[in-house]
Amino acid sequence: MNGPTKSVISILNNLIETCKDGQEGFKTCAEDIKNPELKALFTKHAHECAEAAGELQAEVIALGGTPEDSTSLSGDLHRRWVDVKSIFTGKDEEAVLNEAERGEDVALAAYKDALAQPLPAHVHSIIERQQQGVQRNHDEIKALRNIARAHS
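Residues numbered from 1 in each chain as written. Predicted model: local features only at pLDDT ≥ 70, side-chain atom pairs only at ≥ 80, totals over all residues. Heavy atoms only, no water.

- Per an unreviewed UniProt entry, the chain is named PA2169 family four-helix-bundle protein, and its organism is Pseudomonas coleopterorum.

**A word on the overall build of the chain**
Part 1 of the argument: The number of helices and strands found in the chain is five helices and zero strands.
Part 2 of the argument: Along the chain, helices and strands appear, N-terminal first, in the series α-α-α-α-α.
Part 3 of the argument: Long-range pairs, those at least 24 residues apart, make up 75% of the contacts in the chain between residues at least 6 apart in sequence. (Helix = DSSP H or I, 4+ residues; strand = E, 2+ residues; numbered from the N terminus. Contact = heavy atoms within 4.5 Å.)

**As for the environment of Glu-68**
Part 1 of the argument: Its place among the elements puts Glu-68 in the loop between helix 2 (36-62) and helix 3 (73-89).
Part 2 of the argument: Considering only alpha carbons, one finds Glu-68 and Asn-14, 54 residues apart in sequence, at a separation of 7.9 Å.
Part 3 of the argument: Each residue touching Glu-68, except ones within four places of it in the same chain, is listed here: Asn-13, Ile-16, Glu-17 and Gln-57.

**Focus on the pattern of salt bridges**
Part 1 of the argument: All told, the structure shown has six salt bridges when counted by the stated rule.
Part 2 of the argument: Linking Glu-48 and Lys-44 is a salt bridge whose minimum nitrogen-to-oxygen distance equals 3.7 Å. With Glu-48 and Lys-44 both in helix 2 and four residues apart, the pair spans about one turn of that helix.
Part 3 of the argument: When the shortest N-O distance is used, the salt bridge between Glu-94 and Arg-149 registers 2.8 Å. On the criterion of sequence distance, the pair formed by Glu-94 in helix 4 (residues 93-115) and Arg-149 in helix 5 (residues 121-151) is long-range, its members being 55 residues apart.
Part 4 of the argument: Take Glu-94: its relative accessible area is 17%, and that puts it in the buried class. (Salt bridge = Lys/Arg side-chain N within 4 Å of Asp/Glu carboxyl O. Buried < 20%, exposed > 50% of the residue type's maximum accessible area, 1.4 Å probe, protein only.)

Here is the structure:
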């Protein structure tokens, strides 16, 4: 396996971890929220993150690499911090939406970094399409957070 291919696999594996972090983060948000519409939204986003990870894992395999299949250490630490924080905040809607938005900020940064790297055209288009989905999720969560903030 040549250097450029190794680099692309590394970039993809980093995004797989990001997707897995998002999947777990949204799952945690869904568990922590009472509002049934938000619970359904977070569950849907967790599923989308899982699908994105699967698509990236297939690309890593196609490139001859071993795909990442777990969350990142920082994602684990972030979730633990969220869980500890929830003890003190009582996990109201605004707090949960804030955490979800923060998670999507991290994901957007990871996708932006990946797109700045030299990538094969088909890999670039997959990452670009997934980034648009992350941006949509971010904007939707931010709008809902602003509504929750206005009602608190």
